[in-house]
Structures are given as C-alpha cells and as structure tokens.
Amino acid sequence: DMVPFYCSGEGGNCYVSTANLDGETNLKLKSATKELQALCTPNDIDYNPENRHTGVEELETKVLKNISRLRGRVAAEAPNSNIHDFNGKLSMEEPQRFQESLG
C-alpha cells in the first residue's frame, strides 16, 4: 500500500501501475489528499503539469523540503490479501493539526 503525499499531475493526481500485483496493465488513478497536497505544494514556483519537463528539478526540491517539515502519523490496517481496498488514518501534527481517513 502507499499513501501519496504529493502528486505533480493536474489536481494532485497520479497514475500507478499495479501489474505486478494483479496482472492488470491499465494504470490506476490515485490522488494525494487535498490537505496534504496543499501542505506540500510550493507557493513560490510556477509549475505547469502540462509541461512536465520545465522546472521539475526545482519543484521536486521544494516539495521534498515541504514534506520534510511535516510531522504526523499514518495508521494502516494489518497486511491482508485484499489488494483493492485500503483502510487507514492520517493524523498530522505540524505544520497544522488535522485527521483524515485514508482509503
């Protein structure tokens, strides 16, 4: 399982391959939560997801810096054979306190 904190695609979306898990070759749409996407998005960068190659290094550096400032925890269900569902909870403490259901 994975919890995306930031996705550089339009609207905080990304596509994930699960072919090695379920044999399906189509990409699955995943999204960062709006709160996490907002906390990780740099305010001082002009990045256009339609033109991914321009400014991507600067974007990555600033996103990773913002992620490094986060303090919180992800509580996840125990491993199981159900690969289509995920149940968990995100509890953030800094830079702002909130809780959010995952899955």
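Residues numbered from 1 in each chain as written. Predicted model: local features only at pLDDT ≥ 70, side-chain atom pairs only at ≥ 80, totals over all residues. Heavy atoms only, no water.

**Q** Sorry, what's going on with the confidence of the model for the protein here?
**A** Segments scoring low in pLDDT should not have their predicted coordinates read at a detailed level. Scored by pLDDT, the protein has a mean of 86; 92% of the residues are at 70 or more. The element-level mean pLDDT for the protein is lowest in helix H1 (residues 19-22), coming to 85, with strand S3 (residues 71-76) highest at 94. (pLDDT = per-residue confidence, 0-100. Helix = DSSP H or I, 4+ residues; strand = E, 2+ residues; numbered from the N terminus.)

**Q** Can you help me understand the sheet that holds strand S4 (residues 88-94) in this one?
**A** Note: strands within a sheet are paired through backbone hydrogen bonds, in either parallel or antiparallel orientation. Ordered in space as S3-S4-S5, the 3 strands form an open sheet in which the pairing is antiparallel. Strand pairing shows two members of the sheet lacking a second neighbour, S3 and strand S5 (98-102), which therefore form its edges. Each neighbouring strand pair of the sheet contributes to a mean axis angle of 15 degrees, computed without reference to strand direction. (Pairing = 2+ DSSP bridges. Axes fitted to C-alpha atoms, helices over the stretch in contact; angles between N-to-C directions.)

**Q** For this particular structure, what's the right way to read the side chain of Lys28?
**A** Looking at where Lys28 falls in the secondary structure, it is placed in strand S2 (residues 28-31). For Lys28, a relative accessible area of 19% gives the class buried. At 2.8 Å, the side chain of Lys28 and the side chain of Thr18 are in polar contact. Beyond its immediate sequence surroundings of up to four residues, Lys28 is in contact with Cys14, Tyr15, Val16, Thr18 and Asp22. (Buried < 20%, exposed > 50% of the residue type's maximum accessible area, 1.4 Å probe, protein only. Polar contact = N/O pair within 3.5 Å; in protein donor to acceptor, adjacent residues only side chain to side chain. Contact = heavy atoms within 4.5 Å.)

**Q** Before we go on, may I ask you to explain the state of the cysteines in this structure?
**A** Each disulfide consists of one covalent bond between the sulfur atoms belonging to two cysteines. All told, the structure shown has 0 disulfides when counted by the stated rule. With no disulfide partner, Cys7 has as its closest neighbouring cysteine sulfur the one in Cys14, 3.3 Å distant. Sulfur of Cys40: no disulfide; nearest cysteine sulfur belongs to Cys7 and is 9.8 Å away. (Disulfide = S-S within 2.5 Å.)

**Q** How should I be thinking about a nonpolar patch on the surface in this particular structure?
**A** A cluster of nonpolar side chains, contributed by Tyr15, Leu27 and Leu29, occupies part of the molecular surface with about 350 Å² of accessible area. If you trace the backbone, Leu27 turns up in the loop between H1 and S2. (Patch = residues over 30% accessible without salt bridge, like charges linked within 9 Å, V, L, I, M, F, W, Y side chains within 5 Å. Areas by Shrake-Rupley, 256 points an atom, 1.4 Å probe, with all protein chains shown as cover. Salt bridge = Lys/Arg side-chain N within 4 Å of Asp/Glu carboxyl O.)

**Q** What am I meant to see in the environment of Leu21 here?
**A** Looking at the element boundaries, Leu21 is found in helix H1. Exposure remark for Leu21: the relative accessible area of 60% places this residue in the exposed category. Separated by 62 residues in sequence, Leu21 and Ile83 have C-alpha atoms that sit 7.8 Å apart.

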